[in-house]
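# Residue-level structural notes
Okay, here's what each chain looks like letter by letter:
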Amino acid sequence: MEIQGETVLVTGASSGIGSAIAKAIAQAGAAVVLLIARRRNWRIRRQGPHLSSGNPDQVTVIAQRTQGEAGVPDIIINNAGSAGRDQVMMASVFR
């Protein structure tokens, strides 16, 4: 699958599988928008607001900001878990 030039939204990208997926996608040339609970190990180009992933209104904000900053995502990878945290930060890592 060719993803160079695609826009990809990755949730749960703070660590583990989500982080590995997001890094591989960025290295392959995609524009990556992250939803992360913690900023560690990322060189963030643009940091967005802290949002509640459990709030439907704020999910709309996530969609609008993603579209405004990076375009409509071609791919969405929903890797987010729920470990008692519902606050996430939007961040963009561009190719």
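Conventions we followed
Residues numbered from 1 in each chain as written. Predicted model: local features only at pLDDT ≥ 70, side-chain atom pairs only at ≥ 80, totals over all residues. Heavy atoms only, no water. Helix = DSSP H or I, 4+ residues; strand = E, 2+ residues; numbered from the N terminus. Buried < 20%, exposed > 50% of the residue type's maximum accessible area, 1.4 Å probe, protein only. Contact = heavy atoms within 4.5 Å. Areas by Shrake-Rupley, 256 points an atom, 1.4 Å probe, with all protein chains shown as cover. Core = buried A, V, L, I, M, F, W, Y, C linked by side-chain atoms within 4.5 Å. Polar contact = N/O pair within 3.5 Å; in protein donor to acceptor, adjacent residues only side chain to side chain. Pairing = 2+ DSSP bridges. Expected span 1.5 Å × (residues − 1). Arc of directions from axis to C-beta.

## A word on the overall build of the protein
- Helix and strand counts for the protein come out as two helices and five strands.
- Mapped from its N terminus to its C terminus, the protein presents α and β elements in the order β-α-β-β-α-β-β.
- Counting across all 95 residues of the protein, residues that qualify as buried make up 37%.
- For the protein, the share of sequence-separated contacts (at least 6 apart) that also reach a separation of at least 24 residues comes to 73%.
- With an accessible surface of roughly 5,500 Å², the protein has 48% of that area assigned to carbon and sulfur atoms.

## Description of the nonpolar core
- Core analysis: the biggest nonpolar cluster contains eleven residues, these being Ile3, Val8, Val10, Ala13, Ala22, Ile25, Ala30, Val32, Leu34, Ile36 and Ile75.
- Listed by contribution, the elements that provide at least two residues to this core are strand S1 (7–11), helix H1 (16–27) and strand S2 (31–36).
- Here this core gets three residues from one element, more than from any other, and that element is S2.
- By size, the runner-up hydrophobic cluster in this structure holds six residues, among which are Leu9, Leu51, Ile62 and Ala70.

## Regarding the side chain of Thr11
- Relative to the assigned elements, Thr11 resides in strand S1.
- Judged by relative accessible area, which is 9%, Thr11 ranks as buried.
- Within polar-contact distance, the side chain of Thr11 engages the side chain of Asn78 at 2.9 Å.
- With near-sequence residues (within four places) excluded, Thr11 lies in contact with Leu35, Ile77, Asn78, Asn79 and Ala80.

## A few points about the pairing of S1
- Counting buried residues in S1 gives five out of five residues, a clear majority hidden from the surface.
- Taking every second residue as pointing to the same face, both faces of S1 are buried, with Thr7, Leu9 and Thr11 on one and Val8 and Val10 on the other.
- Judged from the five bridges that link them, S1 and S2 form a sheet pairing that is parallel. Residue pairing for S2: Thr7 is matched across the bridge by Ala31.
- Sheet analysis places S1 next to strand S4 (residues 75–78), joined by four bridges and oriented parallel. Opposite Val10, over in S4, you have Ile77 as the bridge partner.

## Brief notes about H1
- Between its first and last C-alpha atoms H1 spans 17 Å; for twelve residues at 1.5 Å apiece the expected length is 16 Å, and the two agree.
- Every buried residue of H1 is listed here: Gly18, Ser19, Ala22 and Ile25. One side of H1 carries all its buried residues, which in axial view fall inside an arc of 135 degrees. Among the exposed residues of H1, those pointing more than 90 degrees away from its buried face are Gly16, Ile17 and Gln27.
- On its buried face, H1 is in contact with S1, S2 and S4.
- Directly beyond the C-terminal end of H1, a positive phi value near 100 degrees is found at Gly29.

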